[in-house]
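# An overview of the molecular structure
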Amino acid sequence: MTVRLRYAPSPTGHLHIGGARTALFNYLYAKHMGGDFILRIEDTDLERNIDRAADEFAKNLGWLGIVWDEGPDVGGKFGPYISTERLSIYEHYVEVLKEKGLAYHCYCSEEEIAAERDAAMAKGEVPRYSGHCRHLTATQISEYEAMGRKPVVRFLAANDQELRFHDLIRGELVFEPSGLGGDFVIVKSNGIPTYNFACTIDDHLMEITHVVRGEEHISNTPRQLLLYQALGWEPPHFGHVSLILGPNGKKLSKRDESIVQFVEQYRDMGYLPEALFNYLALLGWSPGGEQEFFNKDELIAAFTLDRVHKSGAFFDAARLSWMNSHYLKQQDAANLLPLVQPLLTDDQVQGLSNEWLTEWISLYQEKISQLDELPQMGASFFVEIPKLDEEANSMLNQETAQQVVKSFHEQVKNTALWTEEHIKPIFKTVQSETGKKGKDLFMPIRAAVMGSLHGPDLHRSLILLGQARVLTRLESVIK
Ligand code: GLU
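Computed from a predicted model, the values in this text were never measured in an experiment.

With that settled, consider the overall build of the protein. Of regular secondary structure, the protein possesses 21 helices and 11 strands. Rg of the C-alpha trace for the protein: 32 Å, well past the compact-globule value of 23 Å for 479 residues, more than 25% over. For the protein, the spread of C-alpha atoms along the principal axes amounts to about 105 × 50 × 40 Å. Taking all 479 residues of the protein together, the buried fraction comes to 49%. In the protein, 75% of the contacts between residues at least 6 apart in sequence involve partners at least 24 apart. In the structure as shown, the protein presents an accessible area of about 23,300 Å², 50% of it carried by carbon and sulfur atoms.

Here's what the structure looks like:
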């Protein structure tokens with residue numbers, strides 16, 4: 001039997017790193033088992049749906065390197081893959097349950113339900129739907145209809161036994177029947193099914209074998225199991241992945257803006273998808289051993305659900321950043337160029353060739369942990385004359401530094417060609433003329449040309465700037 005897993009986001013916001021990790025675990029396990037990975041959009045919460053969110057999810061998952069075999073865009077034989085396009089399918093199963101006497105219309109108003117809940121809480125009891133509408137007479141129904149009440153459909157959850165299942169990550173889980181809250185809603189008053197109902201129908205019809213999702217869904221699983229039972233279906237295996245924890249050890253709050261949490265933000269900051277993929281795979285899973293960097297194929301080969309951690313995983317932004325710097329170093333600068341170009345202004349890139357920009361990137365590539373640091377870090381290349389920073393200024397105030405700069409200027413002025421080969425002897429000459437070497441030789445030149453004592457390789461920087469601009473900069477300092 002083919003293993004089939006799915007990621008089923010609700011399009012209510014941006015792709016969160018938690019969601020991306022869930023998608024990734026499902027994808028990795030499906031591929032590890034030689035099975036299928038499906039993308040399904042669960043948009044039954046109409047009020048919370050956000051325009052274009054589903055497309056953005058797909059775009060960001062795709063960017064990350066997750067590939068689905070079936071989904072809204074690529075289709076597949078179990079489609080449609082968007083809940084609201086499957087309403088007639090759900091209606092059919094509502095009828096099946098009604099025929100079995102396991103579903104009924106409930107006309108209780110929200111206020112009545114809330115009052116019931118409050119009364120239970122006041123008595124210290126677990127709130128539970130009373131079953132008020134289980135056996136309405138035709139007259140009662142027409143009275144409610146005449147009042148203009150719109151019914152919901154409830155599932156008759158008449159079970160008084162504990163429910164248990166073997167969670168793929170947490171082991172045996174047991175639920176008291178009282179915790180279920182009684183007969184639960186499967187179709188809302190607007191005629192749209194609830195998540196629990198749609199999800200169960202879809203997982204079954206799409207032949208999902210393993211449901212791997214966030215811990216926040218554990219309490220939904222017993223309800224879904226009851227639906228499987230009622231419909232006479234074999235449930236899939238369930239596994240619930242632990243929370244992602246913030247630095248304070250508490251569940252990462254999506255509202256905490258001090259922590260970058262959305263995939264597209266990482267993309268915009270210049271994280272490489274390979275880095276985020278690698279990092280998220282290790283967020284709550286580990287293959288054992290010391291290896292930290294894994295490419296996609298290695299992760300697919302190693303990923304099993306029994307090594308997913310039961311406890312929460314700390315989100316460590318510094319480690320992610322460190323991983324990204326590793327992946328940035330490994331890339332060809334030419335591959336980074338299209339990612340860097342959108343970060344630069346038209347003014348900055350005007351008249352610069354791709355070769356020039358590629359060399360500029362490669363000068364800084366080792367020094368950055370995200371691409372959006374580049375424009376600022378390498379800004380001195382885009383101006384005619386850079387502003388000297390304080391350190392550079394005080395260095396250039398020294399007599400000996402000035403001698404070096406003047407001697408260097410003379411040599412630069414007189415050299416006919418401007419390549420690494422020609423620049424090296426210039427330094428030699430300046431050294432013998434001034435008696436300065438090492439730092440005392442390089443620092444004044446760097447300060448004068450780049451405006452700072454820190455920066456990338458000096459020879460390569462000089463060549464990239466070009467002889468004319470180097471001269472202009474030296475002259476401005478000498479003045
Ligand atoms: N639509 C649910 C969510 O976004 C998915 C739950 C599930 O995977 O069953 O949380």
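Don't stop here, the text continues.
Attention now goes to the layout of surface pockets. The computed volume of the largest pocket comes to approximately 1,100 Å³. What lines the largest pocket is a set of 41 residues, and nearest its centre among them are Ser10, Thr12, Glu216, His217 and Lys254. Contributions of two or more residues to the lining of the largest pocket are made by strand 1 (4–7), helix 1 (17–32), helix 6 (195–205) and strand 8 (210–214). For the lining of the largest pocket, the element with the highest residue contribution is helix 1, accounting for 4 residues. For the lining of the largest pocket, the residue count by class is 13 nonpolar, 16 polar and 12 charged. Of the volumes computed, that of the second largest pocket is approximately 760 Å³. Forming the walls of the second largest pocket are 27 residues, and the residues nearest its centre are Ile113, Arg117, Arg154, Phe184 and Val185. Put simply, the parts of the chain that give the lining of the second largest pocket at least two residues each are helix 4 (110–122), strand 4 (152–155), strand 7 (184–187) and helix 7 (220–231). The element contributing the most residues to the lining of the second largest pocket is helix 4, with 5 residues. Here the lining of the second largest pocket is composed, by residue class, of 11 nonpolar, 6 polar and 10 charged.

Let us look at the pattern of salt bridges. Using the criterion set out here, one finds 21 salt bridges in the structure. A salt bridge links Arg164 to Glu162; the nearest nitrogen and oxygen atoms lie 2.7 Å apart. What makes Arg164 partly exposed here is its relative accessible area of 45%. Given a relative accessible area of 39%, Glu162 falls into the partly exposed group. In this structure, the salt-bridge partner of Arg170 is Glu215, at a minimum N-O distance of 3.2 Å. In this pair, Arg170 is assigned in the loop between strand 5 (163–167) and strand 6 (171–175) and Glu215 in the loop between strand 8 and helix 7, connecting sequence segments 45 residues apart. For Arg170, a relative accessible area of 18% puts it in the buried group. The exposure class assigned to Glu215 is partly exposed, which follows from its relative accessible area of 24%. Overlapping salt bridges bring together Arg6, Arg40, Glu42, Arg86, Asp202 and Asp203 as one network.

Take the side chain of His16 next. By secondary structure assignment, the location of His16 is in the loop between strand 1 and helix 1. Judged by relative accessible area, which is 10%, His16 ranks as buried. A distance of 2.6 Å separates a polar atom in the side chain of His16 from a polar atom in the side chain of Gln261. Once you skip the residues sitting within four places of it in the chain, His16 turns out to touch Leu252, Lys254, Gln261, Phe262 and Val263.

In spatial order, the strands read 3-4-7; together these 3 strands make up an open sheet with antiparallel pairing. Of all the strands in the sheet, the pair left with one neighbour each is strand 3 (103–106) and strand 7. When the angles between neighbouring strand axes are averaged without regard to direction, this sheet yields 45°. Where strand 3 lies against strand 4, 4 bridges are found, and the strand directions are antiparallel.

All right, on to the pairing of strand 6 then. Pairing of strand 5 with strand 6 involves 5 bridges; the strand directions are antiparallel. Each bridged residue has a counterpart across the sheet, and for His166 the counterpart in strand 6 is Glu172. Hairpin geometry of strand 5 and strand 6 is characterised by an intervening segment of 3 residues between the two adjacent antiparallel strands.

Across the chain, the bulk of peptide bonds are trans and the bulk of non-glycine residues have phi less than zero. Note that the residue after Gly79, namely Pro80, is joined by a cis bond; omega there is -5°. For Glu207, which is not a glycine, the phi torsion comes out positive at approximately 55°. You can see Glu207 is positioned in the loop between helix 6 and strand 8. Under the relative-accessibility criterion, Glu207 is labelled partly exposed at 46%.

For the rest of this paragraph, the subject is the site of the ligand. By nearness alone, every residue bordering the ligand is listed as Arg6, Ala8, Pro9, Ser10, Glu42, Tyr195, Cys199, Arg213 and His217. Taking Glu42, its side chain carries an N or O atom lying 2.6 Å from a nitrogen atom of the ligand. A distance of 2.6 Å is found between an oxygen atom of the ligand and a side-chain nitrogen or oxygen belonging to Tyr195. Within the complex, the protein chains bury 81% of what would otherwise be the 300 Å² of accessible surface of the ligand. Of all the cavities here, the one that holds the ligand is the largest pocket.

So, about the packing of helix 14 (residues 354–364) against helix 20 (residues 458–465). Packing of helix 14 against helix 20 brings their axes to within 11 Å, and their N-to-C directions diverge by 160°. Taken as axis vectors, helix 14 and helix 20 run roughly antiparallel relative to one another. In the crossing of helix 14 with helix 20, the sense of the turn from one axis to the other is left-handed. Note on element contacts: helix 20 touches helix 14 through Arg460, Ser461 and Leu464, opposite Trp356, Glu359, Trp360, Ser362 and Leu363. Classifying every residue of the contact of helix 14 with helix 20 gives 4 nonpolar, 2 polar and 2 charged.

Helical geometry note: an α-helix holds 3.6 residues per turn, so side chains three or four residues apart project in the same direction. With 12 residues, helix 7 extends 17 Å between its outermost C-alpha atoms, agreeing within 8% with the 16 Å of an ideal straight helix rising 1.5 Å per residue. Burial analysis of helix 7 places 11 of its 12 residues in the buried class, which makes it a mostly covered element. All of the buried residues along helix 7 are Asn220, Thr221, Pro222, Arg223, Gln224, Leu225, Leu226, Leu227, Tyr228, Ala230 and Leu231. Following helix 7 by one or two positions, Gly232 has its phi on the positive side, about 70°.

Rules used in this analysis
Residues numbered from 1 in each chain as written. Predicted model: local features only at pLDDT ≥ 70, side-chain atom pairs only at ≥ 80, totals over all residues. Heavy atoms only, no water. Helix = DSSP H or I, 4+ residues; strand = E, 2+ residues; numbered from the N terminus. Rg over C-alpha atoms; globule rule 2.2 N^0.38 Å. Buried < 20%, exposed > 50% of the residue type's maximum accessible area, 1.4 Å probe, protein only. Contact = heavy atoms within 4.5 Å. Areas by Shrake-Rupley, 256 points an atom, 1.4 Å probe, with all protein chains shown as cover. 1 Å grid on protein atoms, 1.4 Å probe; cavity = no way out; pocket = protein on both sides within 12 Å on 5 of 7 lines; lining within 4 Å. Points joined across faces, edges and corners; volume = space filled by probe spheres on them. Nonpolar A, V, L, I, M, F, W, Y, C, P; charged D, E, K, R; others polar. Salt bridge = Lys/Arg side-chain N within 4 Å of Asp/Glu carboxyl O. Polar contact = N/O pair within 3.5 Å; in protein donor to acceptor, adjacent residues only side chain to side chain. Pairing = 2+ DSSP bridges. Axes fitted to C-alpha atoms, helices over the stretch in contact; angles between N-to-C directions. Near = heavy atom within 4 Å. Sits in = over half its atoms within 2 Å of the grid points. Parallel < 35°, antiparallel > 145°, perpendicular 65-115°, else oblique. Left-handed = near helix turned anticlockwise from the far one by under 90°. Expected span 1.5 Å × (residues − 1).

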